[in-house]
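One-letter residues, chain by chain:
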Amino acid sequence: MEQCAYIGLGSNIGDRELKLLMAVAELGKLPRTRVTAVSPFYETEPVGGVPQDNFYNAVVRLSTELAPLELLERLKKLETGVFHRVPSQRWGARSMDLDILLYGELVLESEQLTIPHPRLAERRFALQPLSDIAPDLVHPILGKRIVELLTELASPEKVVRI
Ligand SMILES: Nc1nc2c(c(=O)[nH]1)N=C(CO)CN2
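Just so it is clear, the model here is predicted, and its values are computed rather than measured. (Residues numbered from 1 in each chain as written. Predicted model: local features only at pLDDT ≥ 70, side-chain atom pairs only at ≥ 80, totals over all residues. Heavy atoms only, no water.)

1. Some points on the UniProt feature "domain: 7,8-dihydro-6-hydroxymethylpterin-pyrophosphokinase" (unreviewed entry) in the protein
Inference 1: The positions UniProt marks with the feature "domain: 7,8-dihydro-6-hydroxymethylpterin-pyrophosphokinase" (unreviewed entry) are residues 90-101.
Inference 2: Segment residues 90-101 splits into 0% helix and 42% strand. End C-alpha atoms: 18 Å apart. (UniProt positions renumbered as here; feature names shortened; annotations may be inferred. Helix = DSSP H or I, 4+ residues; strand = E, 2+ residues; numbered from the N terminus.)

Quick look at the structure:
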């Protein structure tokens, strides 16, 4: 069955805009998967306390028949195979980060994967692009719309649409 999944994209190494564009193209090549929406791109201040360059962030909506763990494996393969991501510090710089933010209404907590993404509601760099393409989507645990979560967000981190 086709499910609607939202993927968070982030890069702060190299040509960040080109990398986001490439990531959208690669997501569109995944088997049994279509890209059905792409958010605007944002330049965002790094979150997490590690001094590093600003990120570019975006969110892509997929319609996919891949199961959550299959999708996760595919995203990891893209991170390492296409974007040469290397293991790095937690919160540190990365060539490309591809995170499953939401997968239908699914709530999942396993060793490999937690859905919804556990820090989604705290991250302006994810909520802002998500609310551009899915403002009325309801967070399956918090029971609030994405646009409400964004409005309630206290963190001052700067995100600038490019
Ligand atoms: N603005 C921003 N900050 C981050 C990001 C990111 O994608 N955007 N990703 C991180 C590693 O998960 C750590 N900090």
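2. Observations regarding the side chain of Glu-157
Inference 1: With respect to the helices and strands, Glu-157 occurs in the loop between α4 (146-152) and β8 (159-161).
Inference 2: From its side chain, Glu-157 meets the backbone nitrogen of Arg-124 in a polar contact 2.9 Å long.
Inference 3: Of note is the side chain of Glu-157, whose polar atom sits 3.4 Å from the side chain of Ser-155.
Inference 4: The contacts of Glu-157, once residues within four sequence positions are left out, are Glu-45, Val-47, Glu-122, Arg-123, Arg-124 and Phe-125. (Polar contact = N/O pair within 3.5 Å; in protein donor to acceptor, adjacent residues only side chain to side chain. Contact = heavy atoms within 4.5 Å.)

3. As for the environment of Glu-122
Inference 1: Along the chain, Glu-122 falls in the loop between β7 (114-115) and α3 (124-133).
Inference 2: The exposed category is assigned to Glu-122, whose relative accessible area is 52%.
Inference 3: Glu-122 has contacts with Leu-153, Ser-155 and Glu-157, leaving out every residue within four places of it along the chain. (Buried < 20%, exposed > 50% of the residue type's maximum accessible area, 1.4 Å probe, protein only.)

4. Digging into the confidence of the model for the protein
Inference 1: Taken residue by residue, the protein gives an average pLDDT of 95. The fraction at 70 or more is 100%.
Inference 2: The complex model carries a pTM of 0.96, and its ipTM stands at 0.98. (pLDDT = per-residue confidence, 0-100.)

5. Looking at the pattern of salt bridges
Inference 1: This structure, assessed with the given rule, holds nine salt bridges.
Inference 2: Between Glu-70 and Arg-32 there is a salt bridge; the shortest N-O distance is 3.6 Å. Linking Glu-70 in helix α2 (residues 68-82) with Arg-32 in the loop between α1 (16-28) and β2 (33-38), this pair joins segments that are 38 residues apart in sequence.
Inference 3: Looking at Glu-70, the relative accessible area reads 35%, which means it is partly exposed.
Inference 4: The salt bridge involving Lys-144 is made with Glu-152; its shortest N-O contact spans 3.0 Å.
Inference 5: Because the salt bridges share partners, they merge into one network encompassing Glu-79, Arg-85, Arg-94 and Asp-97. (Salt bridge = Lys/Arg side-chain N within 4 Å of Asp/Glu carboxyl O.)

6. Focus: the site of the ligand
Inference 1: Around the ligand, the neighbouring residues are Thr-44, Glu-45, Pro-46, Val-47, Phe-55, Asn-57, Trp-91, Arg-94, Asp-97, Arg-123 and Phe-125.
Inference 2: Here a nitrogen atom of the ligand sits 2.8 Å away from a polar atom, N or O, in the side chain of Thr-44.
Inference 3: Note that a nitrogen atom of the ligand is positioned 2.7 Å from one of the backbone N or O atoms of Glu-45.
Inference 4: Its residues placed into classes, the shell around the ligand shows five nonpolar, two polar and four charged. (Near = heavy atom within 4 Å. Nonpolar A, V, L, I, M, F, W, Y, C, P; charged D, E, K, R; others polar.)

7. A few points about a nonpolar patch on the surface
Inference 1: Judged by side-chain polarity, Val-107, Ile-141 and Leu-142 come together as a nonpolar surface patch covering roughly 270 Å² of accessible area.
Inference 2: As for its position among the elements, Leu-142 is in the loop between α3 and α4.
Inference 3: Note on Leu-142: relative accessible area 43%, which makes it partly exposed. (Patch = residues over 30% accessible without salt bridge, like charges linked within 9 Å, V, L, I, M, F, W, Y side chains within 5 Å. Areas by Shrake-Rupley, 256 points an atom, 1.4 Å probe, with all protein chains shown as cover.)

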